[in-house]
Amino acid sequence: MRKAYIFLLILLFPLTAAASDLKVLVGAKGSYKAVPIKFKSTDAKNTVRNSVLALSASVEVDETYTFSLSGGIDFTSVKDPVTFTKVPFSIVTPSFSKRGLYLGAAAEAFPFELSGFELGGRIRGDLYMPSSESWKVTLRIVEGQFKADPTYGAVSVDLLGRKKLNNGLLLYGGFSFLQSFGKIKGTETIEDLSGKEDLKIKNRFVPGLVSGLSYDFEDYLRLTAEASLINTWGMELSLSYIF
Amino acid sequence: MKRKNPILILSVLAVVSLLGLGLLGRTNHRVEKLRKSSLRARIKSISYVDSLKSPSGNDSEPQSLMVKLKPVLSGMDVKTLFQSTGFAEIEPLYDNVYRFQGKDSLVPLNDLMEQLRNNPAVELVEKDVVVRAMEVPNDPYFLYQFYLYNHGQTLNLTDGTVVQPKSGADINVVDAWTFSKGSEEVKIGVLDSGADYNHPDLRNKLDAGFNFVGNNAYPIDDNGHGTAMAGIIGASTNNGQGIAGICWNCRLIPYKVLGADGKGNYSNLVLAIRRAVDEGCKVINMSLGADEPSIILEDALKYAYEKDVVILAATGNEGKGSVCYPARYSSYVLAVAATDENDLHASFSNHGPEVAVAAPGHMIMTTFPNGQYALVTGTSPATAVASGVVGLIRSLKPFLTAEEIFKILKYGSDDVNKALFPGIDIYLGWGRLNANTYVAPIKVE
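Residues numbered from 1 in each chain as written. Chains lettered and ligands numbered in written order. Predicted model: local features only at pLDDT ≥ 70, side-chain atom pairs only at ≥ 80, totals over all residues.

Trainee: Please clarify how the overall build of chain B should be interpreted in this entry.
Mentor: Secondary structure summary: chain B contains 10 helices and 20 strands in total. Out of the 445 residues in chain B, the part that is buried amounts to 52%. (Helix = DSSP H or I, 4+ residues; strand = E, 2+ residues; numbered from the N terminus. Buried ≥ 20, exposed ≤ 12 C-beta atoms within 10 Å, placed from the backbone.)

Structure below.
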């Protein structure tokens, strides 16, 4: 852990060299998000839910710029049955949930000030890589297999405002625009007959609202809570140690 | 303020994360006899014809559950009792039976079902299965097309014969039409005795073909066999007239290779195969056959197969243990045997290791020249049934190769004689066609 800390400092050194106030935060976060999606080829709607537990590292410069990386484990759930219309035999899967890896990155800046509010924005990317799920394909004569490999991610661009209250509580909120991407790759194998079909997600930037609060306990522990409403709701809770 | 040990705090955070992950993992998871064709011809049309007297004339996933509660609960506030189960709405149906709406629930319906099954107050839980209107065409003779939809209907022939087919012995095409009714992009070459271009159930379906017998551009049917095959494959459907074709929207191109006597020769057949391929046919129906092999014929079939054309041919009607040519060239051709209205191997249908699949071939209602309709029997109509089904597949999935379609028919057919011959056999091949299995999404669990 100590080596990782030193490595992170070396990595972020160029960004932070000129900073007068530099904070490094290392912690853990848990989040839940449900995002409505639409598949390009079939126009079918569905909802992807992600529950994440991750470790995160952030660098905060002058309390204005923040860069974060996080990695952990995700539990992706595809809420409704998914229909693959192309593979040799068309397939409809039940809803399914799989565990996998999660990677995230975010950059945040609040360079402007207006009537006591700091104004800025955040760009955030999340990538979820759940493991594949398989089912038996039962035909009258033979039995085969169908495998679904989901890869899912989202980029959000948030326009935010924040204000630190006298008691140290930092409140923030604003508009969020979420772009989902990814696909579910379906592979069918029945004896010597096989086929593949990619169901790509075709979401455009979906607008929503985001708000949160952050509080530093005794200047070494920070608790952050955030809620979002983008068609459906999401939440994130993180606890970080401040170096 | 003294700072705490960061390594200790991070370790605690990591342990909390892993514990939380474990919890997450646990919470989330279907006549009158008019004519008999000469069956011993060099190339012969493979069917008998009988006429019938004219009469006048997929978001299917359940989103809710049906739940029967134990009688002791009657009068209780059921909504309050099940408030915490995650159902968006609970509404009474009758007595102690309720509908539990799970559409907007965050928990998968199967999990909610399991939860309710474990609840001592619940007697019975069932999925509120989605029903849909069956699209049955309005063609008046559809009633007689038990090869398309066999619900055990009684068939009264004009000679007094009463036929009582076995319910379910059909190609399950009514369900398949929900997913594919064919496409005008798919052209089916009908290599036969031509077609009646003026037949009211065919005139809007036929494209210009060629007459190899008369060497002209007019493949006029002077036999009746070709008109019958064309009608089975793709007669105008849902037009309030006559019969229903299998491939509603496919285009049919007649290539006349059989004369008025129902006979022809290989040379014209070879020319017709090549022309059909070159004119864009993606399916070729050959309800004909002979007993002699031919390398030139095989070359033409290979040419078609390599151009990704699905070729279907009849096994023959002699009831013998050898399959006719061209059906016997099973590397390039799907050899189609016949079943009867009871899903049994038709006694006249030739058998052999080349048989790929079977289709109904006994008393098949279809079009006949001069605006008539007739019942035809043989491996010819069975082949035409199969061609219509392949037309549906090609329309829905144009990206599939001929080889893949062979395999789809192979693996998706119903092994109706499995009690006697499980798996592939020399009588019905892989089994009787089931159009719905080929085109409808298969539910995996």
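Trainee: Any chance you could explain the overall build of chain A here in plain terms?
Mentor: When you go through chain A residue by residue, the secondary structure sums to one helix and 14 strands. Overall, chain A is about 70 × 40 × 25 Å in size when its C-alpha atoms are taken along their principal axes. Within chain A, buried positions represent 36% of all 243 residues. Within chain A, contacts between residues at least 6 apart in sequence are counted, and of these 60% link residues at least 24 apart. (Contact = placed C-beta atoms within 7 Å.)

Trainee: What is the right way to look at the packing of helix H6 (residues 266–278) of chain B against helix H7 (residues 295–306) of chain B in this model?
Mentor: Relative placement of two packed helices is described by the angle separating their axes and the distance separating the axes. Residues and elements named next belong to chain B. Running from N to C, H6 and H7 cross one another at 10°; their axes reach a closest spacing of 9 Å. As judged from the angle between their axes, H6 and H7 are roughly parallel. Along its contact with H6, which presents Tyr266, Leu269, Val270, Ile273, Arg274 and Val277, the element H7 presents Ile296, Leu297, Ala300, Leu301, Tyr303 and Ala304. Taken together, the residues that form the contact of H6 with H7 break down as 11 nonpolar, no polar and one charged. (Axes fitted to C-alpha atoms, helices over the stretch in contact; angles between N-to-C directions. Parallel < 35°, antiparallel > 145°, perpendicular 65-115°, else oblique. Nonpolar A, V, L, I, M, F, W, Y, C, P; charged D, E, K, R; others polar.)

Trainee: How should I be thinking about unusual backbone geometry in this particular structure?
Mentor: Most of the time, phi is negative for any residue but glycine, and the peptide bond is trans. Going from Tyr325 of chain B to Pro326 of chain B, the amide bond is cis rather than trans, its omega being 10°. For Pro326 of chain B, the position within the fold is in the loop between strand S15 (310–314) and strand S16 (333–339). Phi angles above zero are rare outside glycine, and Asp62 of chain A is one such case at about 55°. Inspection of the secondary structure puts Asp62 of chain A in the loop between strand S2 (45–61) and strand S3 (65–78). We note that Glu191 of chain A has phi near 50°; this positive angle belongs to a residue other than glycine.

Trainee: Help me understand the nonpolar core, please; the structure alone is not making it clear to me.
Mentor: The tendency in soluble globular proteins is for nonpolar side chains to be buried as a group. Residue and element names in this part refer to chain B. Ile273, Ile311, Leu334, Val336, Val385, Ala386 and Val389 are the most contacted members of the largest nonpolar core, which totals 145 residues. Per-element accounting of this core gives the leading share, nine residues, to helix H8 (residues 379–396). In contact with Ile311, other than residues within four places in its own chain, are Ile284, Met286, Leu301, Ala304, Tyr305, Tyr332, Val333 and Leu334. Judged by nonpolar contacts, the second largest core, of 10 residues, contains Phe87, Tyr98, Phe100 and Val122. (Core = buried A, V, L, I, M, F, W, Y, C linked by C-beta atoms within 7 Å.)

Trainee: Quick question: what am I supposed to make of helix H5 (residues 225–234) of chain B here?
Mentor: Within H5 of chain B, 10 of the 10 residues are buried, which leaves it mostly tucked inside the rest of the structure. Taken together, the buried positions of H5 of chain B are occupied by His225, Gly226, Thr227, Ala228, Met229, Ala230, Gly231, Ile232, Ile233 and Gly234 of chain B.

Trainee: Sorry if this is basic, but what is going on with the environment of Lys256 of chain B here?
Mentor: Residue and element names in this part refer to chain B. With respect to the helices, strands and loops of the structure, Lys256 is situated in strand S12 (residues 251–256). Overall, Lys256 belongs to the buried group, with 29 C-beta atoms counted inside 10 Å. It is 6.0 Å that separates the C-alpha atoms of Lys256 and Leu191, two residues lying 65 residues apart in sequence. Excluding residues within four positions of it along the chain, Lys256 makes contact with Ser193, Gly194, Asn211, Phe212, Val213, Pro219 and Gly226.

Trainee: What is the right way to look at the pairing of strand S12 (residues 206–217) of chain A in this model?
Mentor: Side chains on a regular strand alternate between the two faces of the sheet. Residues and elements named next belong to chain A. With nine bridges connecting them, strand S10 (residues 170–190) and S12 associate as antiparallel partners. Within S12, the residue paired with Leu170 across the bridge is Ser214. By the bridge criterion, nine bridges tie S12 to strand S13 (residues 221–230) in an arrangement that is antiparallel. By the bridge assignment, Ser214 is partnered in S13 with Thr224. Between S12 and S13, which pair antiparallel one after the other, the connecting turn spans three residues, and Glu218 there sits at a positive phi close to 50°. (Pairing = 2+ DSSP bridges.)

Trainee: Just checking my understanding: could you explain the domain arrangement of chain B for this structure?
Mentor: Note on interface size: it is often stated as the accessible area lost on association of the parts. Domain boundaries assigned for chain B yield domain 1 (44–58 + 134–439) and domain 2 (64–127). In this structure, domain 1 of chain B and domain 2 of chain B have C-alpha centres spaced 50 Å apart. (Domains from an automatic or database assignment.)

Trainee: Teacher, can you tell me more about the sheet that holds S12 of chain B here?
Mentor: Paired through backbone hydrogen bonds, the strands of a sheet run either parallel or antiparallel to each other. Residues and elements named next belong to chain B. Spatial ordering of the open sheet is given by S11-S12-S10-S13-S15-S16-S17, a layout of seven strands whose pairing is parallel. Each edge of the open sheet is held by one strand with a lone partner, namely strand S11 (210–211) and strand S17 (355–360). For strand S10 (residues 187–192) and S12, the ladder comprises six bridges, and the chain directions are parallel. Along S12, the bridge assignment pairs Leu191 with Tyr255. The strands touched by H8 are S10, strand S13 (281–286), S15, S16 and S17; relative to S15, the strand with the most contacts, the crossing angle is about 165°. Here helix H9 (residues 402–412) sits on the sheet in contact with S15, S16 and S17, set at roughly 60° to S17.

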